[in-house]
Amino acid sequence: MTSELPAKPTLLLVDDQILNIQVLHQIFKDEYTVCMATGGAQAMAFCARQLPDLILLDVVMPDMDGHQVCTALKADPRTHDIPIIFVTGHSNPEEETAGLQLGAVDFISKPVNASVVRARVRAHLLLRQSLHAVQELNDTLEARVARRTAELERALERLHQSQEDLAHSEARATLSTLIASVSHEMGTPLGNSKMVASTLAEQTAAMRRSLDGGQMRRSELTQYLDATADGIALLLRNLKRAVELMGDFRQVAADQASEQRRAFDLAAVVNETLHTLSPSLKRHPHRVVVEIPEGIAMDSLPGPLGQIVINLVNNAYLHAFEGRSDGVLRIQATPEGASAVRLVFADNGVGMAPELLGKLFQHFFSTKIGRGGTGLGMAIVHNLVTKTLGGSITVASTVGQGSRFELLLPRELPSVAT
């Protein structure tokens, strides 16, 4: 949460005693733009012309008392959110409770202590600024969710339309189950996204009620901001997963990648990719062990490389570790001279029979079509390794002992990957 206020917030001092206004004016004149009203009606007229950032309001006034002013301001949508601090010479707990119930955020007794009133005003202005920032963030978040959802719905529509284009291909028999599988896979991240967005909206509404009730604590605001940050991160991860799944299908159709080339450290990219998978991986008892030394510099395409890591990890969890609770996938890398790197994915899973190895990289081949497998993962890996990154891939497997995928990749992407 920020600790800085915008330049010169506007304070409105309301008191029928000029001496009291002068005391408060001396306290705040250097840090704030200070405006004054000597009665409730005058304060209402000021707010109709200009909205102050905070109001210090006397309770006992002849024409219109502070409670009446507070009630009127809180009933007006234009002034509803302005923090009001009652300033009174009476020390009456019942009067303080009544003021807070009307919507005031604080209660200060006269004669005021300069340090106390200065600190409280600053704290409530910071709180208001933070809540506005959170509200803007939630408004933006809802728009982003709606935009991404619309994009995914259009992509799903294109996927269904592709059924007719593939009607005469060898994959016709599996297309309907493929579409069902992709749609099912997308249901989880989209459902999670909707749940997170709803939760954030409910938390914001609860925070607003707490603020309006004058019972806000700084610890509650900090907890709320932390929860909001976590929710946004989870939302973005789920939306990214859904977009990547649609990208898988488009990539098989296009048979190419469209990522940007850059220099990167191999260990960093692999670890970052695994981090994005952690929400789904942590639901399983298996482990991924990364044994890649730092300093293996690459000048290539980190996007396709990350997609390879995702697909091989998902393949191990979906197929290799079926029926097991002690799965371990080791990801290792060793330089092959100065121009290449050998990247190995080795698991201790169920392994594969020889007849399956021969079909592993075929499009739409999967032993779990309709049950979590799309039949695209290994075909995409093969295309990315050989055509996008200009490398090679081999696989060895023994039933009951596990599988080993070895990728030999150039550290500098060739001008034309073949």
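Residues numbered from 1 in each chain as written. Predicted model: local features only at pLDDT ≥ 70, side-chain atom pairs only at ≥ 80, totals over all residues. Heavy atoms only, no water.

> I keep staring at the overall build of the protein and nothing clicks. Help me out?
Each helix and strand counted, the protein has 11 helices and 12 strands in total. Across the protein, contacts joining residues at least 24 apart in sequence account for 70% of those joining residues at least 6 apart. Summing over all exposed atoms, the protein offers an accessible surface of approximately 21000 Å²; the carbon and sulfur share of this is 52%. (Helix = DSSP H or I, 4+ residues; strand = E, 2+ residues; numbered from the N terminus. Contact = heavy atoms within 4.5 Å. Areas by Shrake-Rupley, 256 points an atom, 1.4 Å probe, with all protein chains shown as cover.)

> I'm lost on the pairing of strand E1 (residues 10-14) in this one. Help?
Along a regular strand, successive side chains alternate from one face of the sheet to the other. The buried count for E1 comes to five of five residues, which makes it a mostly enclosed element. In this structure, E1 lies alongside strand E2 (residues 33-37), joined through five bridges in parallel fashion. Counterpart to Leu-13 in the pairing with E2 is Met-36. With four bridges connecting them, E1 and strand E3 (residues 54-58) associate as parallel partners. The residue of E3 that forms the bridge with Leu-13 is Leu-56. (Buried < 20%, exposed > 50% of the residue type's maximum accessible area, 1.4 Å probe, protein only. Pairing = 2+ DSSP bridges.)

> Help me understand the sheet that holds strand E9 (residues 328-336), please; the structure alone is not making it clear to me.
Sheet strands associate in pairs through backbone hydrogen bonding, adopting either a parallel or an antiparallel arrangement. Spatially, E7-E9-E10-E12-E11 is the arrangement adopted by the five strands of the open sheet, whose pairing is mixed. With partners counted over all chains shown, the strands left at the sheet margins are strand E7 (287-291) and strand E11 (392-398), one partner each. Each neighbouring strand pair of the sheet contributes to a mean axis angle of 15°, computed without reference to strand direction. Sheet topology note: the E11/strand E12 (residues 402-410) ladder contains seven bridges and is antiparallel. (Axes fitted to C-alpha atoms, helices over the stretch in contact; angles between N-to-C directions.)

> When you look at the packing of helix H2 (residues 40-49) against helix H3 (residues 66-75) in this model, what are you seeing that I'm missing?
Helix packing for two helices is described by the angle between their axes and how far apart those axes are. Running from N to C, H2 and H3 cross one another at 20°; their axes reach a closest spacing of 9 Å. Classed by the angle they form, the pair H2 and H3 counts as roughly parallel. Crossing of H2 against H3: the hand is right-handed. For the pair H2 and H3, the contacting residues are Gly-40, Met-44 and Cys-47 in the first and Val-69, Ala-72 and Leu-73 in the second. Considered class by class, the residues forming the contact of H2 with H3 number five nonpolar, one polar and no charged. (Parallel < 35°, antiparallel > 145°, perpendicular 65-115°, else oblique. Left-handed = near helix turned anticlockwise from the far one by under 90°. Nonpolar A, V, L, I, M, F, W, Y, C, P; charged D, E, K, R; others polar.)

> Mind showing me how you'd approach the confidence of the model for the protein here?
Low-pLDDT stretches of the model should not have their predicted coordinates read in fine detail. When pLDDT is averaged along the protein, the result is 80, and 83% of the positions lie at 70 or above. Note on residues 166-181: pLDDT under 50 across the span, and 19 contacts to partners over four residues away in sequence or across chains. Segment residues 248-258: pLDDT under 50, and 21 contacts once partners within four positions in sequence are set aside and those in other chains are kept. (pLDDT = per-residue confidence, 0-100.)

> Help me out: how do you make sense of helix H9 (residues 302-320) in this one?
Each turn of an α-helix holds 3.6 residues, which means side chains three or four residues apart point in the same direction. The end-to-end C-alpha distance of H9, which contains 19 residues, comes to 26 Å, matching closely the 27 Å that a straight helix rising 1.5 Å per residue would cover. Most of H9 is tucked away, with 16 of its 19 residues classed as buried. (Expected span 1.5 Å × (residues − 1).)

> I tried to follow the pattern of salt bridges on my own but got confused; where do I start?
Note that side chains of opposite charge can pair when their charged atoms are close. Counting across every chain of the model gives 12 salt bridges. Ionic pairing is found between Asp-15 and Lys-110, a salt bridge with its closest N-O pair at 2.8 Å. Highlighted residues: Asp-15 in the loop between E1 and helix H1 (18-28) and Lys-110 in the loop between strand E5 (106-109) and helix H5 (114-165), separated in sequence by 95 residues. With a relative accessible area of 23%, Lys-110 lands in the partly exposed category. Across the salt bridge formed by Glu-406 and Arg-404, the nearest N and O atoms sit 2.7 Å from each other. Counted as one network, the salt bridges with shared partners bring together Glu-336, Arg-342, Arg-404 and Glu-406. (Salt bridge = Lys/Arg side-chain N within 4 Å of Asp/Glu carboxyl O.)

> Is there a simple way to think about the side chain of Thr-273 in this case?
On the secondary structure map, Thr-273 appears in helix H8 (residues 266-281). A distance of 2.8 Å separates a polar atom in the side chain of Thr-273 from the backbone oxygen of Val-269. Those residues in contact with Thr-273 that lie beyond four places of it in its chain are Gly-306, Val-309 and Ile-310. (Polar contact = N/O pair within 3.5 Å; in protein donor to acceptor, adjacent residues only side chain to side chain.)

> Explain the environment of Ala-155 to me, please; I cannot follow it from the model alone.
With respect to the helices, strands and loops of the structure, Ala-155 is situated in helix H5. Residue classification places Ala-155 among the buried positions, given a relative accessible area of 6%. Along the backbone, Ala-155 and Val-243 are 88 residues apart, and their C-alpha atoms lie at a distance of 9.0 Å.

> Is there a simple way to explain the environment of Leu-235 in this structure?
Its location among the elements puts Leu-235 in helix H7 (residues 218-254). Leu-235 sits 41 residues away from Lys-194 along the chain, and the two C-alpha atoms are 8.4 Å apart. Residues in contact with Leu-235, not counting those within four places in the same chain, are Leu-141, Val-145, Ser-193 and Val-196.

> For this particular structure, what's the right way to read the environment of Ala-75?
Along the chain, Ala-75 falls in helix H3. Spatially, the C-alpha atom of Ala-75 lies 9.9 Å from that of Gly-103, the residues being 28 residues apart in sequence.

> Could you clarify how one ought to interpret the nonpolar core in this entry?
Note that soluble globular proteins tend to have their nonpolar side chains buried in a common cluster. Counting 41 residues, the largest nonpolar core has Leu-266, Ile-292, Val-313, Ile-331, Phe-345, Phe-405 and Leu-407 as the members making the most contacts within it. Mapped onto this core, the elements with two or more residues apiece are H8, H9, E9, strand E10 (340-347), helix H11 (377-388) and E12. Setting aside its immediate chain neighbours within four residues, Phe-405 contacts Leu-312, Asn-315, Leu-343, Val-344, Phe-345, Met-352, Leu-360, Met-378, Ile-393, Thr-394 and Val-395. Val-34, Val-134, Leu-211 and Tyr-224 belong to the second largest nonpolar core, which has 25 residues in total. (Core = buried A, V, L, I, M, F, W, Y, C linked by side-chain atoms within 4.5 Å.)

> Help me out: how do you make sense of unusual backbone geometry in this one?
Among all residues save glycine, negative phi is the norm, and among peptide bonds the norm is trans. The omega torsion of the bond from Lys-110 to Pro-111 falls at -5°, within 30 degrees of zero and hence cis. With respect to the helices and strands, the residue Pro-111 is situated in the loop between E5 and H5.

> Honestly, the sheet that holds E2 in this entry has me stumped. Any pointers?
Spatially, five strands are ordered E2-E1-E3-E4-E5 in an open sheet, and the strand pairing comes out parallel. In this open sheet, the two edge strands, each paired with only one partner strand, are E2 and E5. Adjacent strand axes in the sheet meet at a mean angle of 20° when their direction is disregarded. Packed onto the sheet, H1 meets E1, E2 and E3 and runs at close to 170° relative to E2.

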